[in-house]
Amino acid sequence: MQQLVDQLLQEGYFQGLPKDAIYAGSMILAAFVVLSFFVAPLAGITSWLERRVWARIQSRVGPNRVGPQGILQWLADGIKNLLKEDIIPAAADKWLFAFAPYVVFVGFLATFVVIPFGSQLIVADLNIGIFYLLAVTSLVVVGILMAGWASNNKWSLLGGMRSAAQIVSYEIPAGLAVLTVIFVAGTMSMQGIIKAQGWAPWDWLLFYNPFTFVAFFLYFTAALAEGNRTPFDIPEAESELVAGYVTEYSGMRFLFFFFAEWGNLYVIGAIATTLFLGGWQVPPVTDNPVLLGILQFVVFFLKAYLWVFVAMWVRGTLPRVRVDQLMSLCWKYMVPLSFICLLGTAAWMVVFPKGNRVASIGMFLIGLVILGLFFKRVNFQIRHARPELYFKPYI
Amino acid sequence: MTALVKYVINIVETVTTIFEGMAITFSHFMRRPMTIQYPDRIEKPVQETLPLRYRGILEVDMDICTGCLACERVCPITCITIGIEMNKETKQRTFTHFDIDICKCMYCGLCAEVCPTGSIRHSQEFEGACYNPAGLVRHFVTEPVPLYKPKKGGETDPGLATKVEIGQKYLDEFATPEEKVGGAGAEEG
């Protein structure tokens, strides 16, 4: 990005303007483009897709009226929310109340800076990329706490406090799981981590050794908890807390929280893809840089979106956990397990400094066997229930 | 030691139950949704798919109504009002009005059971939405209609005969318990 602006400056564009203003302007322009042409449609379509996926799991249809198969539902919802009255409760802390959605939103949007969509397609390849990611996603807690506190409502406050406790707790297993990857890759840069992997599944860090395999699932679970997703959505548990920290919000401010939630889903998938699933690595099929860039983007996007789909699917499967269960799951099970993964990976690296290809291929085969077992169970369920099968995604 | 075993069992159970649950929900992706997309995206109108004994909005076939007032008397909430007038010269009795207030009707079906000819009956229609409660009062008589007199030895007019037949069929199927369909008349008679 900076290189591009520098090049334009050298070629004599924007003369007579201070250099810093041009940099700032180009940054704002880049943020605007990313926000309006990628993040907003992505979060919106994710919200629609989630409702469709969820509906199919529950033998329903889901939104299918606005546009073809309801794909424009998110636009209709967005416009409706824009037109709604922006209510600020009389007893609320007005400034914090108005400000909280933006903090949450910034915390989520700032992650897009380091997400590597392709070998060239990244806003900034920071050398502390993943560390930066863990740091900015924590900003969401601040926003949620602000929202909970400023609403001056017991449900909001309880939701905010729960969310803070949950996110702070789950940072630890998530951080430790990420650390196993950093051990193997030897770098915190997002591009560096991807370059430490290959395009083939057995070159992915997921199958590097049994410990990273477990670490991946620990990371995904912890990330779901950090993103306030079911089964860890106790901050907005509607059966207990009305809507948690968003109880008092309405209109666009309300939407911002959910915008961040659905966008965050993609960020979770993207991070999991980067860390464990080989990122944008593609087989060497073409030398054309443009074609290669597109291919890399598509591969990365599909891998990341697969995990978005899994998160939706988990949401349709598992019931919400209790607060004490949530904490015991984190502190009694996930933290020790992630420590074991960390130490195991460290020991593995001492024993096999160059990695062990046989073990990687073995892990890959075990992964295939697990997938096979899974489809066997799915087949059993279908044979058992003898339902009317319907494979079309539309109805 | 037992605590450690319990700990490991907990982990194994968590993983296997989630695995199984995910398999069940995944199998639901491949099933057809149960939703009937009323009112527009359905193969045929819902009215046609309803069962025979469905208690929809009441309708009256004025051509075979004898004016016995049995329905008006049996109605628990008097939602049926019937007016009958006798022409002094011709001794001809005619309906002046026959109104059913669908607003009040509770779809108990008593009127349809007592009707001797089966002229008042539940239709399969259920869409009664309107902007004014007055619109829900069904007027079955617009101009004075003579009462129907059952003839001994069956109906001769072919148009009326089919209507009588429909009414009788409805009575047999609606006003009798399901297992005795068709045999009720003989039993009571």
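Now for a quick tour of the structure. (Residues numbered from 1 in each chain as written. Chains lettered and ligands numbered in written order. Predicted model: local features only at pLDDT ≥ 70, side-chain atom pairs only at ≥ 80, totals over all residues. Heavy atoms only, no water.)

1. Brief notes about the overall build of chain B
Put simply, the rule reads: Going along the chain from the N terminus, every DSSP run of H or I of four or more residues is numbered as a helix, and every run of E of two or more is numbered as a strand. Radius of gyration means the value over C-alpha atoms here, while the globule rule gives 2.2 Å times the residue count to the 0.38 power. The buried label applies to any residue whose accessible area, calculated with a 1.4 Å probe on protein chains only, is under 20% of its type's maximum; exposed applies above 50%, and partly exposed to all values in between. For accessible areas, the Shrake-Rupley method is used with a probe of radius 1.4 Å. Any residue's cover is judged against the shown protein chains and nothing else. In this count, Lys and Arg are taken as positive residues and Asp and Glu as negative ones, while His and the chain termini are left out. Throughout, a charge is located at the NZ atom of Lys, the CZ atom of Arg, the CG atom of Asp or the CD atom of Glu.
Summing up its helical and strand segments, chain B has 6 helices and 6 strands in all. When the helices and strands of chain B are placed in sequence order, the string is α-α-β-α-β-β-α-β-β-β-α-α. Taken over the C-alpha trace, chain B has a radius of gyration of 27 Å; the compact-globule value for 189 residues is 16 Å, which it surpasses by more than 25%. Taken along the three principal axes of its C-alpha coordinates, chain B extends 105 × 45 × 35 Å. For chain B, the residues scored as buried account for 33% of the 189 residues in total. Summed over all atoms, the accessible surface of chain B reaches about 12,000 Å², with 59% contributed by carbon and sulfur. Separation of charge centres in chain B, based on 20 positive and 26 negative side chains, amounts to 3 Å.

2. So, the side chain of A:Asn81
Condition: It only takes one pair of heavy atoms within 4.5 Å for two residues to be counted as in contact.
Mapping A:Asn81 onto the fold places it in helix α3 (residues 73-83). Aside from chain neighbours lying at most four places away, what touches A:Asn81 is A:Gly251, A:Met252, A:Phe254 and A:Leu255.

3. Side note on unusual backbone geometry
B:Tyr38 connects to B:Pro39 through a cis peptide bond whose omega is 0°. Assignment of secondary structure puts B:Pro39 in the loop between α1 (2-29) and α2 (46-49). A positive phi is found at A:Ser59, a non-glycine position, where the angle reads about 60°. Phi is positive for B:Lys91, which is not a glycine, with a value near 60°. If you trace the backbone, B:Lys91 turns up in the loop between β2 (80-86) and β3 (93-101).

4. Details of the pattern of salt bridges
Short version of the rule: Only one rule defines a salt bridge in this text: a Lys or Arg side-chain nitrogen within 4 Å of an Asp or Glu carboxyl oxygen.
Tallying each qualifying case throughout the model produces 13 salt bridges over all chains. Salt-bridge contacts for A:Arg315 lead to A:Glu50; the nearest nitrogen and oxygen are separated by 3.1 Å. Taken as a pair, A:Arg315 in helix α12 (residues 289-317) and A:Glu50 in helix α2 (residues 19-57) lie far apart in primary sequence, 265 residues in all. Residue classification places A:Glu50 among the buried residues on the basis of a relative accessible area of 1%. As a salt-bridge pair, B:Glu59 and B:Arg121 come within 3.5 Å of each other at their nearest N and O atoms. Note that B:Glu59 is positioned in strand β1 (residues 58-60) and B:Arg121 in strand β4 (residues 120-122), a separation of 62 residues in sequence. Here B:Arg121 falls in the buried class, since its relative accessible area comes to 11%.

5. Considerations on the interface of chain A and chain B
Often, the extent of an interface is quoted as the loss of accessible area on bringing the components together. Heads up, the condition is: As used here, buried area is the combined drop in accessible area, with a 1.4 Å probe, of two parts when they are placed together. For the purposes of these results, a polar contact is taken to be a pair of N or O atoms within 3.5 Å, where, inside protein, one atom must be able to donate a hydrogen and its partner to accept one; residues adjacent in sequence count only when each atom of the pair is a side-chain atom. Only Asp, Glu, Lys and Arg are considered charged, only Ala, Val, Leu, Ile, Met, Phe, Trp, Tyr, Cys and Pro nonpolar, and every remaining residue, Gly among them, polar.
The interface of chain A with chain B comprises 34 residues on the first partner and 24 residues on the second. Taken together, the two surfaces of chain A and chain B that pack against each other cover about 2,900 Å², and 65% of this comes from carbon and sulfur. Taken as a group, A:Ser59, A:Arg65 and A:Tyr333 account for 19% of the area that chain A buries against chain B, more than any other trio of residues on that side. Our count for the contact surface shared by chain A and chain B stands at 2 salt bridges. In this structure, B:Asp40 engages A:Arg65 in a salt bridge whose closest nitrogen and oxygen atoms are separated by 2.8 Å. Remark: the boundary between chain A and chain B carries 13 residue pairs in polar contact (both at pLDDT 80 or more). Secondary-structure elements contributing two or more residues to the side of chain A that touches chain B are α2, α12, α13 (323-351) and α14 (357-385) of chain A. Of the residues forming the side of chain A that touches chain B, the biggest block, 9 residues, is contributed by α14(A). Of the residues in the side of chain A that touches chain B, the class split is 23 nonpolar, 5 polar and 6 charged.

6. Brief notes about helix α4 (residues 94-109) of chain A
Residues and elements named next belong to chain A. This is how it is decided: Under the convention used throughout, the expected extent of a helix is 1.5 Å for every residue step, that is, one less than its residue count. Two axes enter the definition of the bend at a residue: one is fitted to the seven residues ending there, the other to the seven starting there, and the bend is the angle between them.
Between its first and last C-alpha, α4 extends 24 Å over 16 residues, near the 22 Å set by a 1.5 Å rise per residue. Of all the bends found along α4, the most pronounced is centred on alanine 100 and spans about 30°, while proline 101, a proline, follows it within four residues. Taken residue by residue, α4 has Phe97, Ala98, Ala100, Pro101, Val103, Val104, Phe105, Gly107 and Phe108 as its buried positions. Packing partners of the buried residues in α4 comprise α2, α5 (129-137), α6 (139-150) and α11 (251-276).

7. Examining the nonpolar core
Definition in use: Residue types Ala, Val, Leu, Ile, Met, Phe, Trp, Tyr and Cys, when buried and joined through side-chain atoms within 4.5 Å, form a set referred to as a nonpolar core.
Ranked by internal contacts, the top residues of the largest apolar core, which has 103 residues, are A:Ile130, A:Tyr219, A:Tyr266 and A:Phe276. When residues no more than four places from it in sequence are discounted, the contact partners of A:Phe276 are A:Ala177, A:Val181, A:Gln197, A:Trp204, A:Leu205, A:Leu206, A:Thr212, A:Ala215, A:Phe216 and A:Tyr219.

8. Quick notes on the packing of α6(A) against helix α7 (residues 154-185) of chain A
Residue and element names in this part refer to chain A. The following threshold applies: Axis lines are fitted to C-alpha atoms, over the contacting stretch for helices. Their N-to-C directions set the angle, which ranges from 0 to 180 degrees. Put simply, angles under 35 degrees are roughly parallel, angles over 145 are roughly antiparallel, angles from 65 to 115 are roughly perpendicular, and the rest are oblique. Rotating anticlockwise by less than a right angle from the far helix to the near helix defines a left-handed crossing, while the corresponding clockwise rotation defines a right-handed one.
Interaxial distance between α6 and α7 falls to 7 Å at its minimum, and their mutual angle equals 160°. It follows from the interaxial angle that α6 and α7 lie roughly antiparallel. Here α6 and α7 pass one another in a crossing that is left-handed. Across the interface between the two elements, Val141, Ile144, Leu145, Gly148 and Trp149 of α6 pack against Ser156, Leu157, Gly160, Met161, Ser163, Ala164 and Ile167 of α7. Among the residues forming the contact of α6 with α7, the class breakdown is 8 nonpolar, 4 polar and no charged.

9. Focus on α14(A)
The terminal C-alpha atoms of α14(A) lie 42 Å apart, and with 29 residues this matches the ideal 42 Å at 1.5 Å per residue to within 8%. Among the residues of α14(A), A:Ala359, A:Ser360, A:Met363, A:Phe364, A:Gly367, A:Phe374, A:Val378, A:Gln381 and A:Ile382 are the ones counted as buried. In this fold, the buried residues of α14(A) make contact with α9 (210-226), α12 and α13 of chain A together with α1 of chain B. Two residues or fewer after α14(A) comes A:Arg386, characterised by a positive phi angle close to 45°.

10. Quick look at the packing of α2(A) against α11(A)
Residue and element names in this part refer to chain A. Where α2 contacts α11, the axes come no closer than 8 Å and their chain directions differ by 90°. Classed by the angle they form, the pair α2 and α11 counts as roughly perpendicular. Every residue of α11 that contacts α2 at Phe38, Val39, Ala40, Leu42, Ala43, Thr46, Ser47 and Glu50 is listed here: Phe259, Trp262, Gly263, Leu265 and Tyr266.

11. Focus: the environment of A:Val321
Residue and element names in this part refer to chain A. As for its position among the elements, valine 321 is in the loop between α12 and α13. It is 39 Å that separates the C-alpha atoms of valine 321 and valine 33, two residues lying 288 residues apart in sequence. In contact with valine 321, other than residues within four places in its own chain, are Pro231, Phe232, Ile234 and Leu326.

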